[in-house]
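Survey of secondary and tertiary structure
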Amino acid sequence: SWLQFNSRVLAQALDETLPPLERLKFLAIYGTNLDEFYMIRVAGLKALYKAGIQETGPDKLTPRQQLQEIQAYLHEEQQVLESCYTSIIADLHTYGVNIKNYDALNIREQEKIKEIFVHEIYPVIIPIAVDATHPFPHLNNLSFGLALTLEDESKHIKHGLVRIPRILPRFIQLGETFIPIESIVEYFASEIFPGFTSLATTPFRVTRNADIEIEEEEADDFLEILQEGLRSRNKGSLIRLELMDGADANLLDFLRSHLNLDDEDLYAYKSLPLSLGSLWQIVGDKALSHLVLPTFTPKILPPLNTENIFDAIEKQDVLLYHPYDSFEPVVKFIKQAAADTDTIAIRMTLYRAGPNSPIIKALIDAVRDGKQVMVLVELKAR
């Protein structure tokens with residue numbers, strides 16, 4: 001049922017009546033959803049399978065059978081995903097927006113990218129030669145990089161990795177052209193590994209088990225255990241390897257031998273960029289806002305279009321239907337309650353709040369004003 005839910009997200013990306021960046025946005029949502037599904041749901045099934053547990057749920061499927069069905073479903077849907085992405089890219093091209101690899105750029109564009117590489121990319125990427133004295137490094141969850149087969153002047157072959165840190169943008173932008181960063185790193189491989197010639201390369205991305213297992217009954221300090229669980233999310237077992245189709249066989253064997261993954265856990269893409277969630281970078285470009293649907297502005301119901309919310313709700317009940325009705329009256333309600341001299345206590349639930357939440361600020365002000373404030377916050381969703 002979860003996979004079918006994400007297929008409905010993909011169906012939005014397939015809708016050619018939508019503007020191209022609106023479709024690309026749904027591809028990004030599909031990708032981030034799938035990452036979470038693998039890190040939590042698939043990781044949990046793999047743990048059950050490795051533990052030899054054969055108990056089934058209401059569907060009568062064992063963990064192994066569920067994993068096989070998931071992998072078959074996703075490998076089949078990948079063809080739809082590839083076709084959808086190709087269609088969106090062609091649509092964007094008609095508007096002058098392009099995603100191009102480094103070698104598809106003209107001379108002037110390549111010169112600009114070389115300057116960006118020297119000053120902004122080269123200083124922070126992490127090249128690693130893997131051999132008897134340099135072991136294969138630990139790769140954090142959702143880490144992204146380039147694997148290479150290298151040859152030195154004496155014709156000795158070795159493998160290398162370039163880890164691309166998340167502080168770098170996924171695409172380097174020149175006007176309305178977006179260049180995947182791995183194609184730039186690939187082109188300049190000989191400068192990253194001086195004295196070596198690059199024989200083969202492939203970008204890759206790994207996914208780890210990020211599920212947090214907490215024995216709450218044994219926890220003396222729940223907060224401390226939760227913090228430790230969050231820190232350990234980068235260290236879980238590997239459960240997925242994504243790379244580009246046509247990767248060199250020896251390079252693929254090199255990655256597979258060190259990552260210890262089954263063939264079913266490999267996803268090779270023909271045209272899709274690794275990390276679909278990174279497409280948000282293009283979707284969010286303000287200069288391209290004409291290629292998404294206009295921003296929806298929720299309305300404020302007339303009874304609440306007043307200075308004092310309490311006066312309005314004293315006169316009548318008001319039903320808010322979000323997101324069509326604005327959330328602003330709710331924020332105003334809490335702010336006014338926090339400032340009201342007649343308020344003794346505020347008790348509420350908060351699902352989540354950002355660092356600049358006006359609700360959090362109002363609650364803090366209420367505490368400073370001597371009011372009793374109690375908030376229930378969800379720490380663990382599962």
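Since we're looking at a predicted model, the values are computed, not measured. All residue numbers refer to positions counted from 1 along the written sequence of the respective chain. The predicted origin of the model limits local features to residues at a pLDDT of at least 70 and limits the giving and counting of side-chain atom pairs to 80 or more, whereas totals for whole chains, interfaces and linings rest on all residues. The basis for the side-chain values is all heavy atoms of the structure; hydrogens and waters are excluded.

Concerning a nonpolar patch on the surface
Like charges within 9 Å and nonpolar side chains (Val, Leu, Ile, Met, Phe, Trp, Tyr) within 5 Å are joined into patches, using only residues over 30% in relative accessible area that form no salt bridge. Working definition of accessibility: Shrake-Rupley area with a 1.4 Å probe, residue cover restricted to the visible protein chains. Criterion for a salt bridge: a side-chain nitrogen of Lys or Arg within 4 Å of a carboxyl oxygen of Asp or Glu. On the surface, a cluster of nonpolar side chains totalling about 390 Å² of accessible area is made up of Phe296, Tyr321 and Tyr324. Strands are runs of DSSP state E lasting at least two residues, helices are runs of H or I lasting at least four, and both sets are numbered from the N terminus onward. Secondary-structure assignment places Phe296 in the loop between α9 (280-283) and α10 (309-315).

What to know about the pattern of salt bridges
Summed over all chains, the structure comprises 16 salt bridges. For Lys46, the salt bridge identified is with Asp265, shortest N-O distance 3.1 Å. In this pair, Lys46 is assigned in helix α2 (residues 20-50) and Asp265 in the loop between α8 (249-259) and β9 (266-269), connecting sequence segments 219 residues apart. For the pair shown, Lys46 and Asp265 are each scored as buried. Notably, a salt bridge pairs Asp253 with Arg256, separated by 3.0 Å at the nearest N-O pair. Of this pair, Asp253 and Arg256 both sit in helix α8, three residues apart, which is roughly one turn of the helix. Type-normalised accessible area, obtained with a 1.4 Å probe on protein chains alone, sets the label of each residue: buried when under 20%, exposed when over 50%, and partly exposed for intermediate values. By relative accessible area, Asp253 is classed as partly exposed at 39%. Under the relative-accessibility criterion, Arg256 is labelled partly exposed at 23%. Members of the salt-bridge network, linked through shared partners, are Asp35, Arg205, Arg240 and Glu242.

A few points about the packing of helix α11 (residues 328-339) against helix α12 (residues 358-368)
Simply put, an axis is a line fit to the C-alpha atoms, just over the touching stretch for a helix, and the angle between two N-to-C directions goes from 0 to 180 degrees. Contact geometry for α11 and α12: axes closest at 8 Å, N-to-C directions at 10°. Between α11 and α12, the interaxial angle falls into the category roughly parallel. Contacts between α11 and α12 involve Val331, Ile334, Lys335 and Ala338 from the first element and Pro358, Ile359, Ala362, Leu363 and Ala366 from the second. Residues belonging to the contact of α11 with α12 are distributed by class as follows: eight nonpolar, no polar and one charged. Just so you know how the angles are binned, under 35 degrees is roughly parallel, over 145 roughly antiparallel, 65 to 115 roughly perpendicular, and the rest oblique. Contact criterion: two residues are considered in contact whenever any of their non-hydrogen atoms come within 4.5 Å of each other. Basically, the charged four are Asp, Glu, Lys and Arg, the nonpolar ten are Ala, Val, Leu, Ile, Met, Phe, Trp, Tyr, Cys and Pro, and anything else, Gly included, counts as polar.

With respect to the confidence of the model for the protein chain
The pLDDT score gives, residue by residue, the confidence of the prediction method on a 0 to 100 scale. For the protein chain, mean pLDDT is 90; residues scoring 70 or higher make up 95% of the total. Put simply, helix α7 (residues 222-231) is where the protein chain has its lowest mean pLDDT, 70, and helix α1 (residues 2-13) is where it has its highest, 97.

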